[in-house]
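Here are the chains, one letter per residue:
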Amino acid sequence: MRDVKPRVQPAIQPVPDRLRNFDEVIQGYVLEDAVEEARRCILCKNARCQAVCPLGNRIPQWIAELQQGRIEDAYRIIRETSPMPELCSRLCPQERLCEGACALGIKHEAVAIGLLERFVCDQSRARTNGGEPQPSTTPTTGSKRVAAIGSGPASLAFAQAMARAGHRVTVFERWPKLGGVLRWIPRFKLPPDLLDAHLAMLTRLGIKFYANTEVCWIESLLTDEGFEGVFIGIGASRPSTPQLPGASLKGICSSTEFLVRTFYGREELPNDWEPIADLIGQRVVVLGGGDSAMDCVRTALRLNAAAVTCAYRRDEANMPGSNKEVQAAKEEGANLQWLTAPVAFQSDDGRSVSQVECVRMALGPPDASGRRSPKPMPNSAFRIDADLVVLAFGYEVESVFDNEHFFLMAPPKGTVRADPNTGATPLRGVFAGGDCVTGPNLVCAAARAGLSAAQHMLRYFAGEPWEALTAAPVVASQA
Ligand SMILES: Cc1cc2nc3c(=O)[nH]c(=O)nc-3n(C[C@H](O)[C@H](O)[C@H](O)COP(=O)(O)OP(=O)(O)OC[C@H]3O[C@@H](n4cnc5c(N)ncnc54)[C@H](O)[C@@H]3O)c2cc1C
């Protein structure tokens with residue numbers, strides 16, 4: 001019988017310290033700890049961790065290198081499948097993916113795959129010294145001009161793969177800062193200098209970035225601008241807003257607005273958004289139970305709010321977000337109210353929100369999402385005092401291309417219509433991927449979609465008929 005050691009714990013900021021800064025909470029492993037943790041891995045032949053990884057990372061192979069202390073070899077193997085491991089290792093909900101499938105985890109604690117991946121990326125000289133893979137020689141098809149719309153992980157992965165294949169890539173982003181949602185994920189989860197270093201690496205690969213540039217007409221990219229392929233990676237960034245009485249009161253904002261106002265400088269904000277420097281004395285109520293809700297809760301705690309309550313309509317076991325984020329929010333002092341749904345917003349002065357009226361919920365049988373559906377309990381109404389309410393009910397895709405290509409958007413959710421395997425849309429030469437195709441998802445899934453679209457765009461450039469790449473009917477030109 002093999003003696004299994006407990007998981008090696010990383011250095012972590014104590015709760016009182018972390019509430020005073022926005023630095024990364026988990027400080028990571030040192031070499032000895034990383035090697036010891038790596039040696040807990042039993043290097044399964046048919047590794048389930050690898051099978052469930054959206055990027056197909058060859059986890060046992062790189063962990064075997066780390067077991068011998070060979071960081072650069074481990075990093076090289078990780079980079080063969082992952083376009084942004086230094087970001088994914090910090091953001092993936094590993095407990096639901098690789099670590100959730102770890103064979104060791106059946107009887108013991110799973111191997112800390114996410115922390116080990118992060119250690120390798122942080123230590124690798126190939127990453128930190130800018131020695132990343134350079135573009136291959138000119139492709140046999142000739143170097144073509146391709147465009148990516150949006151600069152989130154889907155577009156960044158697409159752009160990297162196309163640039164490494166020798167094509168000339170331009171990325172258009174409508175916000176002043178690049179990175180998509182990665183840019184406003186709180187810095188205690190993802191330090192912005194890591195994202196900046198990633199963008200610098202892509203710039204060295206030859207990718208051109210244009211911020212403050214919204215693309216509204218795809219056809220003109222293909223015809224007037226001379227691009228031969230386009231990738232749509234516009235994400236799902238329109239906040240879902242509930243039609244509740246009082247929703248237009250002052251002091252109620254979306255999770256995007258809250259995070260952007262906290263993490264962007266005044267000069268980068270839309271004119272009507274004021275930066276948030278602190279929340280001293282304020283009672284904050286966050287509504288929702290996903291990763292963005294927990295990000296807002298934990299940000300409000302660091303901004304010195306007097307009280308931070310999070311209300312979610314299901315229970316803890318049925319919430320959509322990552323369990324590690326919920327546990328961190330609890331440790332940091334959030335008041336988590338499960339089985340609680342808002343029904344109205346109240347105001348003492350008729351202008352600003354002062355209370356959230358809620359009802360208690362009970363869980364019924366599973367709904368279409370597989371999670372148990374909540375039902376309001378009779379006579380259970382109560383109020384939570386609030387000076388600021390943050391709505392984190394999820395996101396929808398914006399119908400940006402409606403005027404030109406209404407057929408690109410698929411009802412009822414308005415996601416971009418694309419073949420699920422290739423990313424090819426009904427518009428010849430145009431691919432799509434990430435949250436705009438699937439609806440709100442994960443960074444690793446968006447990166448996978450960008451890589452897949454790039455692989456299939458290369459096949460298109462090599463002469464594969466468009467009809468073979470898309471299950472949807474092909475539309476020759478403008479609608
Ligand atoms: C607050 C928050 C926290 C999250 N935390 C996690 C986490 O911890 N782990 C995880 O795996 N996932 C997390 N997610 C989900 C993850 O961020 C998304 O799944 C991922 O960013 C989707 O990538 P994307 O490239 O498809 O789109 P996005 O990241 O949304 O990027 C799309 C970009 O396109 C731009 N754009 C849109 N329209 C146009 C246009 N017409 N012209 C030019 N640019 C345009 C947008 O401005 C945006 O920058 C979180 C999401 C949110 C909102």
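Definitions and limits used
Residues numbered from 1 in each chain as written. Predicted model: local features only at pLDDT ≥ 70, side-chain atom pairs only at ≥ 80, totals over all residues. Helix = DSSP H or I, 4+ residues; strand = E, 2+ residues; numbered from the N terminus. Rg over C-alpha atoms; globule rule 2.2 N^0.38 Å. Buried ≥ 20, exposed ≤ 12 C-beta atoms within 10 Å, placed from the backbone. Contact = placed C-beta atoms within 7 Å. Near = placed C-beta within 6 Å. Nonpolar A, V, L, I, M, F, W, Y, C, P; charged D, E, K, R; others polar. Pairing = 2+ DSSP bridges. Axes fitted to C-alpha atoms, helices over the stretch in contact; angles between N-to-C directions. Parallel < 35°, antiparallel > 145°, perpendicular 65-115°, else oblique. Left-handed = near helix turned anticlockwise from the far one by under 90°. Core = buried A, V, L, I, M, F, W, Y, C linked by C-beta atoms within 7 Å. Right-handed = clockwise from strand over helix to strand, strands pointing away. Domains from an automatic or database assignment.

### Considering the overall build of the protein chain
When its secondary structure is counted, the protein chain shows 17 helices and 20 strands. In terms of C-alpha radius of gyration, the protein chain reaches 23 Å, essentially the compact-globule figure of 23 Å for 479 residues. Along the first, second and third principal axes, the C-alpha set of the protein chain runs to 70 × 65 × 45 Å. Of all 479 residues assigned to the protein chain, the portion counted as buried reaches 45%.

### Describing the environment of tyrosine 210
Relative to the elements of secondary structure, tyrosine 210 occurs in strand S5 (residues 208–210). The spacing of tyrosine 210 and tryptophan 175 is 35 residues in sequence and 9.6 Å in space, taken between C-alpha atoms. Ignoring any residue separated from it by four or fewer positions in sequence, one finds tyrosine 210 in contact with Thr170, Phe172 and Glu173.

### So, the site of the ligand
Around the ligand lies a shell of 37 residues, among which Gly150, Gly152, Gly180, Gly235 and Gly434 are the nearest. Listing elements by their share of the shell around the ligand, those giving two or more residues are helix H9 (153–164), helix H12 (255–263), helix H13 (291–302), helix H15 (435–438) and helix H16 (443–461). Residue composition of the shell around the ligand, by class: 18 nonpolar, 12 polar and 7 charged.

### Some thoughts on the sheet that holds strand S11 (residues 335–337)
Here we have 5 strands laid out as an open sheet, ordered S8-S16-S9-S10-S11, and parallel in their pairing. In this open sheet, the two strands that pair with only one neighbour each are strand S8 (252–254) and S11. In this sheet, adjacent strand axes meet at a mean angle of 20° when their direction is disregarded. Where strand S9 (residues 283–287) and strand S16 (residues 388–391) come together, 4 bridges link them in parallel fashion. Across the sheet, the residue bridging to valine 284 is leucine 388, located in S16. Lying over the sheet, H13 contacts S9, strand S10 (307–311) and S16, oriented at roughly 170° with respect to S10.

### Considering the packing of helix H4 (residues 59–67) against helix H7 (residues 113–123)
H7 packs onto H4 with a crossing angle of 60° between their chain directions and a minimal axis gap of 11 Å. In terms of axis orientation, H4 runs oblique to H7. As for how H4 packs across H7, the hand of that crossing is left-handed. For the pair formed by H4 and H7, the contact residues are Ile59, Trp62, Ile63 and Leu66 on the first element and Ile113, Leu116 and Val120 on the second. In the contact of H4 with H7, the residues fall into 7 nonpolar, no polar and no charged.

### Regarding the nonpolar core
Counting residues in each nonpolar core, the largest one holds 142 residues, and the members touching the most others are Val297 and Val389. With 12 residues, H16 is the single largest residue contributor to this core. Contact partners of valine 297, with chain neighbours within four places excluded, come to Val286, Val308, Cys310, Ala329 and Ala334.

### Observations regarding the pairing of strand S3 (residues 145–149)
Counting buried positions along S3 yields 4 of 5 residues, so the element is predominantly enclosed. Two elements, S3 and strand S4 (residues 168–172), share 5 bridges in a ladder whose sense is parallel. Paired with valine 146 across the strands is valine 169, a residue of S4. In this region the chain leaves S3, passes through H9 and returns to the parallel neighbour S4; the handedness of that crossover is right-handed. Summarising the sheet, S3 and strand S6 (residues 229–232) pair through 4 bridges and their orientation is parallel. Counted as the bridge partner of valine 146 is glycine 229 from S6.

### A word on the sheet that holds S4
Here 5 strands make up an open sheet; going across it, the order is S5-S4-S3-S6-S20 and the pairing parallel. Whereas interior strands pair on both sides, the edge strands pair on one side only; in this sheet they are S5 and strand S20 (430–432). When strand polarity is set aside, the average angle formed by the axes of neighbouring strands in this sheet is 20°. Across 3 bridges, the pairing between S4 and S5 is parallel. For threonine 170, the partnering residue across the bridge sits in S5 and is lysine 208.

### Details of the domain arrangement of the protein chain
As far as domains go, the protein chain holds domain 1 (11–128), domain 2 (145–237 + 396–469) and domain 3 (241–391). Using only C-alpha atoms to locate each centre, domain 1 and domain 2 end up separated by 27 Å. With 15 residues of domain 1 in contact, the opposing surface of domain 2 contributes 23 residues. In terms of residues, the side of domain 1 that touches domain 2 owes the most to one element, helix H6 (residues 85–91), which gives 5 residues. Taken together, the residues of the side of domain 1 that touches domain 2 sort by class into 10 nonpolar, no polar and 5 charged.

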